Amino acid sequence: MQLEIQLSDLIGNKLYQRAYTMRYDQVDAYINRGELLIRQERTAEAREMFLRARQYDEKNADVWYNLGVTYLLEKRTAESFGFFKKALTLDPTHKRSKFNYAALLLELPSDSREANERQAVRLLEELYEENSELKVASRLASYYVDTNRKRDSLVWHKRAVELNPSDVSALFNLALVLNELNEHAESTLYVERALKINPAYVKGLALKGDILTKTGQLEDANKEFRKALDVDPNHLVSGHNLCVNMFNIYKPKIHPCHHEIGCLFIRNGVVSFAFVKTSGHPECINIGSLVWLSSFDEVI
């Protein structure tokens with residue numbers, strides 16, 4: 001299969017080379033060749049193709065869009081933004097340029113931040129009305145989360161899930177926001193849907209554990225954190241939360257004069273350091289700490 005792909009790319013390269021060497025003004029040949037080079041991760045060569053295409057047709061929105069893509073891949077964001085803007089000037093209906101332009105409006109620093117955000121949201125909503133796409137709904141959902149408008153984000157997270165009910169990331173993002181809004185029952189429904197699709201989804205396991213923790217089901221929560229650590233022994237969130245839950249489970253067994261229990265999780269599901277601050281009664285400090293830590297380590 002890999003050989004077939006390589007041969008196909010080679011044949012494609014030869015065909016496009018013939019097309020644009022026979023007639024230098026064949027802009028489409030340059031564009032197609034450049035897009036092929038982008039897929040091959042040959043960004044500098046792709047940029048050269050689009051620059052040549054621009055020499056023959058400066059009013060072609062596709063040329064400016066593709067230049068924007070290459071500069072974006074090269075992390076030359078400000079220049080990329082200008083190319084997408086130019087493409088939209090030439091063709092206000094150019095959907096791919098509209099999406100990238102709006103997305104960069106939300107990201108680039110500006111003295112007109114609020115105005116840029118309003119324009120970006122308007123453009124993204126227009127795109128969604130024209131052709132409902134998962135990436136548009138997801139970008140709007142992310143914007144509302146970033147601006148701490150989580151209730152508004154729910155509308156777009158749910159639309160993203162409706163567009164692709166089997167998208168694990170979309171299901172997780174919706175469940176995450178619901179959990180942050182303390183809608184635990186509904187959050188559980190979506191995270192379990194994600195885990196049904198991918199039972200080894202670490203972020204989903206950690207989120208389910210967090211939901212169970214918040215609803216007071218510490219033992220069940222720890223099972224989810226342990227599943228996450230089985231998949232990724234270095235998953236810090238699961239390790240930390242497991243650690244905290246174990247402290248809370250064993251806290252009643254500690255001598256009453258001890259308080260402020262804490263731990264540091266490092267890796268492989270093991271607590272590397274644990275401590276108990278005491279109220280200052282010398283007769284309780286060593287014995288209480290040692291007995292408690294010994295029992296905790298046995299459970300871990």
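Residues numbered from 1 in each chain as written. Predicted model: local features only at pLDDT ≥ 70, side-chain atom pairs only at ≥ 80, totals over all residues. Heavy atoms only, no water.

In terms of regular secondary structure, the protein chain is built from 15 helices and 2 strands. Taking all 300 residues of the protein chain together, the buried fraction comes to 42%. For the protein chain, contacts bridging at least 24 residues in sequence account for 45% of all contacts bridging at least 6. (Helix = DSSP H or I, 4+ residues; strand = E, 2+ residues; numbered from the N terminus. Buried < 20%, exposed > 50% of the residue type's maximum accessible area, 1.4 Å probe, protein only. Contact = heavy atoms within 4.5 Å.)

Turning next to the packing of aromatic side chains. Under the criterion given, the structure shown has 8 aromatic pairs. Ring plane angle 5° and centroid distance 6.2 Å describe the contact between Tyr30 and Tyr56, whose orientation is recorded as stacked. Placement of the pair is Tyr30 in helix H2 (residues 27-39) and Tyr56 in helix H3 (residues 43-56), with a sequence separation of 26 residues. Its relative accessible area of 2% is what places Tyr30 among the buried residues. Ring centres of Phe172 and Tyr201 lie 5.7 Å apart, and the angle between their planes is 90°; this geometry places the pair in the edge-to-face category. (Phe/Tyr/Trp six-rings, centres within 6.5 Å; stacked < 30°, edge-to-face > 60°.)

As a further point, take the pattern of salt bridges. Evaluated as defined, the whole model comprises 19 salt bridges. Put simply, Glu79 and Arg76 hold a salt bridge, and the shortest N to O gap is 2.9 Å. With a relative accessible area of 38%, Glu79 lands in the partly exposed category. Assessed through its relative accessible area of 30%, Arg76 is described here as partly exposed. Each of the salt bridges in this network shares a partner with another, and the network as a whole consists of Arg47, Glu74, Arg76 and Glu79. (Salt bridge = Lys/Arg side-chain N within 4 Å of Asp/Glu carboxyl O.)

What follows concerns unusual backbone geometry. With a phi close to 60°, Asn148 is a non-glycine residue in the positive phi region. Secondary-structure assignment places Asn148 in the loop between helix H8 (134-146) and helix H9 (150-163). The backbone of Asn182 sits at a positive phi, close to 65°, despite the residue not being glycine. Relative to the assigned elements, Asn182 resides in the loop between helix H10 (168-180) and helix H11 (184-197).

The next point concerns the confidence of the model for the protein chain. On average, residues of the protein chain score 81 in pLDDT, and 75% of them reach the 70 mark or higher. The secondary structure element of the protein chain with the lowest average pLDDT is helix H15 (residues 282-299), at 36, and the one with the highest is H11, at 97. Below a pLDDT of 50 lies the segment residues 257-262, which in the model reaches 25 contacts outside its immediate sequence neighbourhood of four places, other chains included. This model gives residues 264-300 a pLDDT under 50, and the stretch forms 68 contacts once residues within four places in sequence are excluded. (pLDDT = per-residue confidence, 0-100.)

Counting 62 residues, the largest nonpolar core has Leu67, Tyr101, Leu124, Val136, Trp156 and Tyr190 as its most contacted members. Here this core gets 8 residues from one element, more than from any other, and that element is H10. Discounting residues that sit within four places of it in the chain, Val136 has contacts with Phe99, Leu124, Leu127 and Tyr128. Counting 6 residues, the second-largest nonpolar core is a separate cluster that includes Ala221, Leu229, Leu242 and Met246. (Core = buried A, V, L, I, M, F, W, Y, C linked by side-chain atoms within 4.5 Å.)

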